[in-house]
Amino acid sequence: MLNWIWGIMITAGTAYGIVTGNTAAVGEAIMEGAAEAVSLAITMAGVLGLWCGLMEIAGRSGLLRAVTRIMRPFIRFLFPNIPVHHKAFEYISVNFVANLFGLSGAATPSGIKAMQHLSELEEKKLCDSGKCGKVSKASREMCTFLVINVSSLQLIPINMVAYRSQYGSVSPSAVTAPAIIATLASTVTAVIFCKIMCKMSR
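Structural notes, computed from the coordinates. Residue positions are given per chain, counted from 1 along the sequence in the order it is written. The predicted nature of this model means local features are confined to residues of pLDDT at least 70 and side-chain atom pairs, given and counted, to a pLDDT of 80 or more, with totals for whole chains, interfaces and linings taken over all residues. Hydrogens and water molecules were not included; the side-chain quantities draw on all heavy atoms of the structure.

**Observations regarding the overall build of the protein**
Only runs of H or I of at least four residues qualify as helices and only runs of E of at least two qualify as strands under DSSP, and these elements are numbered from the N terminus. Looking only at helices and strands, the protein has 8 helices and 0 strands in total. For the protein, the C-alpha radius of gyration of 22 Å lies well beyond 17 Å, the compact-globule estimate for 202 residues. For the C-alpha atoms alone, the extent of the protein along its principal axes is close to 70 × 40 × 30 Å. Buried residues are those whose accessible area, probed at 1.4 Å on protein chains only, stays under 20% of the maximum for their type, while exposed residues exceed 50% and partly exposed ones sit between those limits. Within the protein, buried positions represent 29% of all 202 residues. Long-range contacts, defined here as pairs at least 24 residues apart, represent 62% of the contacts in the protein between residues at least 6 apart. Accessible surface, the protein: about 12,700 Å² in total, of which carbon and sulfur atoms supply 70%. As defined in this context, the radius of gyration uses C-alpha atoms, and a globule is described by 2.2 Å times the residue total to the power 0.38. Contacts were defined at the residue level, with two residues in contact if any of their heavy atoms lie within 4.5 Å. Surface accessibility follows the Shrake-Rupley procedure with a 1.4 Å probe radius. Residue values consider only the protein chains on display as shielding.

Printed below as a string of structure tokens:
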């Protein structure tokens, strides 16, 4: 859908530039936009590489296991049906930590792994109930995980700070406090919504 939207916008803008006789301006804007996109991609790749590397170091040093233990009561509150020592706990913790630092790109791999383990857990539950097979719909835990990810609580919006720095903002980190307030409100709302829907589904 997004491909269609962007395609229509680009086509409409180019056609309008040609019709109004601004072909040179359109060509110049295309070249400037391409150069800016490459520059921004390099900047974000550096930021993402740095934090993915730190997350890898944290995993190998045992720091993530410590973070998992700290976050376990919160995750247990959100996902009461997941066994305490299940692998999904670790990946959910890593995903939440990455999101807290505003690293949605770094959070994606752990989010996919968490979903895979939640799906396997649901398949095991089906087999235990005598209905072995592939999961045909998302479980409550999978839906809760998705909603919490969409709400995206951020303590340090690193991506946004990097964007603002790239475009010459005088105070790139000025968005930190508003981001914390906004995402805290959205996350609290998401948690309340998930708890209400889980009770209703039971």
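So, next bit.
**Quick look at a nonpolar patch on the surface**
Within the patch definition used here, like charges are joined within 9 Å and nonpolar side chains (Val, Leu, Ile, Met, Phe, Trp, Tyr) within 5 Å, considering only residues with over 30% relative accessible area and no salt bridge. When a carboxyl oxygen of Asp or Glu lies within 4 Å of a side-chain nitrogen of Lys or Arg, that pair is called a salt bridge. Together, L184, V188, I192, F193, I196, M197 and M200 line one region of the surface with nonpolar side chains, adding up to about 680 Å² of accessible area. Relative to the assigned elements, L184 resides in helix 8 (residues 176–201).

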